[in-house]
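Secondary and tertiary structure notes
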Amino acid sequence: MENHDSHSQHHPDAARSRMGVAWKGAVMMVAVIVGFYVLREHWGHALGVAPYLLLLACPLMHVFMHGDHGHEHSDKDKSK
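All values reported here derive from a predicted model rather than from experimental measurement.

1. What to know about the overall build of the chain
Broken down by element type, the chain carries three helices and zero strands. Each helix (α) and strand (β) of the chain, taken in turn from the N terminus, gives the series α-α-α. Carbon and sulfur atoms make up 67% of the accessible area of the chain, which amounts to about 8200 Å² in all.

2. What about the packing of aromatic side chains?
Between two aromatic rings, the relevant description is the distance of the centres plus the angle of the planes. Tallied over the full model, the rule gives one aromatic pair. Plain terms: the ring middles of Phe 36 and Tyr 37 are 5.2 Å apart, the flat faces sit at 70° to each other, and that makes the pair edge-to-face. The class for Phe 36 is partly exposed, based on a relative accessible area of 49%. Classification of Tyr 37 by relative accessible area gives partly exposed; the value is 45%.

3. Brief notes about the confidence of the model for the chain
For the chain, mean pLDDT is 78; residues scoring 70 or higher make up 68% of the total. Here helix 3 (residues 75-78) stands out as the least confident element of the chain, with mean pLDDT 57; helix 2 (residues 43-65) is the most confident, with 88.

4. Notes on a nonpolar patch on the surface
A grouping of Val 49, Tyr 52, Leu 53, Leu 55, Leu 56, Leu 60, Met 61, Val 63, Phe 64 and Met 65 is seen on the molecular surface, where their side chains present a nonpolar patch of about 1100 Å² in accessible area. Inspection of the secondary structure puts Leu 53 in helix 2.

Reading guide: rules and limits
- Residues numbered from 1 in each chain as written.
- Predicted model: local features only at pLDDT ≥ 70, side-chain atom pairs only at ≥ 80, totals over all residues.
- Heavy atoms only, no water.
- Helix = DSSP H or I, 4+ residues; strand = E, 2+ residues; numbered from the N terminus.
- Areas by Shrake-Rupley, 256 points an atom, 1.4 Å probe, with all protein chains shown as cover.
- Phe/Tyr/Trp six-rings, centres within 6.5 Å; stacked < 30°, edge-to-face > 60°.
- Buried < 20%, exposed > 50% of the residue type's maximum accessible area, 1.4 Å probe, protein only.
- pLDDT = per-residue confidence, 0-100.
- Patch = residues over 30% accessible without salt bridge, like charges linked within 9 Å, V, L, I, M, F, W, Y side chains within 5 Å.
- Salt bridge = Lys/Arg side-chain N within 4 Å of Asp/Glu carboxyl O.

Written as structure tokens, this is what we have:
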């Protein structure tokens, strides 16, 4: 009788996927640490740029996050 336990089989795609998630997590942690040290050393410069970043964020959020709002454009809408 054969043992068909699916947990004992190795799936290379699953292992590769977990490794990709681990690398992404590691890169994100390093980016946060580097960002912290850069901001710590250049806090005055960062605060000077902050109002401009806020003003830039408004149109960027409007363009990228606005979406369709569920509007469907059909021939029926054009006749009105």
